[in-house]
Every structure is written in structure tokens, then in C-alpha cells.
Amino acid sequence: MDAPAVLLIALAAAVVGWFVLAPIVAALPDPAPLATTARLAIAAVNCAGCAYVAHSYQRWWAVVALVLLAPVLVVVSAIDLRVYRIPDTVVFPSLAAGLVLVVSATFGLGLDRGPYLTAAATGMCGYFVLLLLPHLAYPKALGFGDVKLALFMGLYLGWVAGTWPRALLLVFQSLFVAGVLGVVIGVVTNLVRGRRGAFPFGPALCLACYYAVLNADRLLPP
């Protein structure tokens, strides 16, 4: 998109981050006040994330579908860092909105509906199952909130992949990146909080998903 449109979306995202996302993070799942620095961080990250989406795509329908990605992942990451939980009240409404936007954008962009929607469904189911198995094997290592979040992430990973084999490949790539980031985030989190043990995996999953969705053309074979 052109520079004025990117700037407009960035400004709107900053406002949404401050007045909408930060209050959601403060209220869910256990109400607690947020420091001003935390509110600024949420607004800034959402601003940057939405601006990069707008900068990366030229067609409005693509931006409309993908601009939801940053706000949801920012909220999920912030809540998981705060309380080590990912609430259903964020995940399921976001998934419903994502489904509507992805289907609408598929029609609006004139894409081949069969392959793209099949890929989106494959990404959802594939990522869900891929995280469900380790959760069932060792629930303490991977919470069910992460598993449910995989539905939302897989929807977008599959849709941008375009076909079901590419969807599965992108899901695996995203999970691999999340594993690497998870180690880094876990070490940093434990150092900052001065304790060892469990750490939130949601932020790593979110960062990896955002990276994979916005770089799918580079990550996937032609």
C-alpha cells in the first residue's frame, strides 16, 4: 500500500493498542492495572505490526484479512506473559472474526476458493493436532490455551500458503521457529523474574506465526 495508507493504519493501530488492547490485557483473565510503560509497549508493537502488514501488501482485501493478526497476537502474548494463561474469551472470538475475514478476502481477491479455503482448514486442523499431541503427553509443558490458539494461527498460516501441502509445511516451519524463540524467551523471562521453572510459550508461538505469515513467499518453495 502507499505511504499515506500505511501511516493511517499505523496511527489507527496505535490508538487501538492504547484504548482497546491494553484495557483487554488489564481485564483478562484476572483484572490488574497495567503500568504506563506496558500500555505504551502494547500500542507501539501493535502499531508496528499493523503497519508492516499494510506495507507488505498492495491490495486492500489482503490487508483487511491480515491486519487482525497483530492485535490478536499482541493481546495473547501480553496476557500470557502477565498470567501464564491464554483466555478463551480472546481466542474464540478472534478465530470467528478471522474466519469471516479470510473467507471474505478469498472472494474479494478473486482467489481460487477450493485450494485456499482447504489450505486454511488444513492449517487450522494441522497446527491444532500438532500441539495437542505434546499437550496430552505432558500437559505441564504445554498448556491447552496454546493448543486452542493454534486454530487461529493455523488459519492464517494455511491461508497464505495457498495449498494444503504448503500449509502443513508452513505450520511446521512456524512451530520450529517458535521452539527456538521459546528457549530465548524462557531464559530471558526467568532471568528478569529471578526464578526458574515454567515460562509462557504463547509469545514465541505468536512471534513465529507473525513471521511465517508475513514471509511465507520466502519460506515456501515456488
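What counts, and at which threshold
Residues numbered from 1 in each chain as written. Predicted model: local features only at pLDDT ≥ 70, side-chain atom pairs only at ≥ 80, totals over all residues. Heavy atoms only, no water. Helix = DSSP H or I, 4+ residues; strand = E, 2+ residues; numbered from the N terminus. Rg over C-alpha atoms; globule rule 2.2 N^0.38 Å. Expected span 1.5 Å × (residues − 1). Buried < 20%, exposed > 50% of the residue type's maximum accessible area, 1.4 Å probe, protein only. Arc of directions from axis to C-beta. Contact = heavy atoms within 4.5 Å. Salt bridge = Lys/Arg side-chain N within 4 Å of Asp/Glu carboxyl O. Phe/Tyr/Trp six-rings, centres within 6.5 Å; stacked < 30°, edge-to-face > 60°. Lys NZ or Arg CZ within 6 Å of the ring centre and 35° of its normal. Patch = residues over 30% accessible without salt bridge, like charges linked within 9 Å, V, L, I, M, F, W, Y side chains within 5 Å. Areas by Shrake-Rupley, 256 points an atom, 1.4 Å probe, with all protein chains shown as cover.

S.K.: Got a minute to help me understand the overall build of the protein chain in this structure?
M.R.: For the protein chain, the helix and strand inventory stands at 10 helices and 0 strands. N-terminal to C-terminal, the α/β element order of the protein chain is α-α-α-α-α-α-α-α-α-α. Against the globule reference of 17 Å for 222 residues, the protein chain gives a C-alpha radius of gyration of 17 Å, in line with a compact fold. For the protein chain, the C-alpha atoms occupy an extent of roughly 50 × 45 × 30 Å along the three principal directions.

S.K.: Just checking my understanding: could you explain helix α5 (residues 88–108) for this structure?
M.R.: In an α-helix, one turn spans 3.6 residues; hence positions three or four apart end up facing the same way. Taking 1.5 Å of rise per residue, the 21 residues of α5 would be expected to cover 30 Å, and the 29 Å separating its terminal C-alpha atoms lies within 8% of that figure. Along α5, the residues classified as buried are Val-90, Val-91, Ser-94, Leu-95, Gly-98, Val-102, Ala-105 and Thr-106. When α5 is viewed along its axis, its buried side chains cluster within an angular range of 115° and face the same direction. Seen from the buried face of α5, the exposed residues on the opposite side, beyond 90 degrees, are Thr-89 and Val-100. The inward-facing, buried residues of α5 contact α1 (3–27), α3 (60–66), α4 (69–83), α6 (113–137) and α7 (144–161).

S.K.: What is the right way to look at the pattern of salt bridges in this model?
M.R.: Across all of its chains, the model carries 2 salt bridges by this definition. Here Arg-85 makes a salt bridge to Asp-30, at a shortest N to O gap of 3.2 Å. Residue Arg-85 is found in the loop between α4 and α5, and its partner Asp-30 is found in the loop between α1 and α2 (36–56); the two are separated by 55 residues along the sequence. For Arg-85, a relative accessible area of 44% gives the class partly exposed. With a relative accessible area of 37%, Asp-30 lands in the partly exposed category.

S.K.: Would you mind going over α4 with me for this structure?
M.R.: The first and last C-alpha atoms of α4 sit 21 Å apart over 15 residues, in line with the 21 Å expected at 1.5 Å per residue. For α4, the set of buried residues is Leu-69, Ala-70, Pro-71, Val-72, Leu-73, Val-74, Val-75, Val-76, Ser-77, Ala-78, Ile-79 and Asp-80. Following α4 by one or two positions, Tyr-84 has its phi on the positive side, about 60°.

S.K.: What is the right way to read the side chain of Thr-122 from this model?
M.R.: Counting through the fold element by element, Thr-122 comes out in helix α6. Every residue in contact with Thr-122, bar those within four places of it in the chain, is listed here: Tyr-127, Trp-164, Ala-167 and Leu-168.

S.K.: Even after reading the chapter, I still don't get the environment of Leu-34, so can you show me in this structure?
M.R.: Note on placement: Leu-34 falls in the loop between α1 and α2. Judged by relative accessible area, Leu-34 falls into the partly exposed class, the value being 22%. Taking C-alpha positions, Leu-34 is 9.8 Å from Arg-82, a pair spaced 48 residues apart along the chain.

S.K.: Hey, could you run me through the packing of aromatic side chains in this one?
M.R.: Scanning all chains against the criterion turns up 1 aromatic pair. Geometry around Trp-18 places Arg-39 over its ring, the cationic atom sitting 4.5 Å from the centre.

S.K.: Looking at this model, I keep getting lost on a nonpolar patch on the surface. Mind explaining?
M.R.: A cluster of nonpolar side chains, namely Val-15, Val-16, Phe-19 and Val-20, defines an oily patch on the protein surface of about 350 Å² accessible area. Counting through the fold element by element, Phe-19 comes out in helix α1.

S.K.: When you look at the environment of Asp-217 in this model, what are you seeing that I'm missing?
M.R.: You can see Asp-217 is positioned in helix α10 (residues 216–219). Taking the relative accessible area as the measure of exposure, Asp-217 reaches 69% and is therefore exposed. Sequence-wise, Asp-217 and Ala-5 are 212 residues apart; in three dimensions their C-alpha atoms are separated by 23 Å.

S.K.: What's the story with the environment of Cys-47 in this structure? I'm lost.
M.R.: Among the structural elements, Cys-47 can be located in helix α2. Taking the C-alpha atoms as reference points, Cys-47 and Phe-152, separated by 105 residues in sequence, lie 21 Å from one another. When residues no more than four places from it in sequence are discounted, the contact partners of Cys-47 are Ala-10, Ala-13 and Ala-14.

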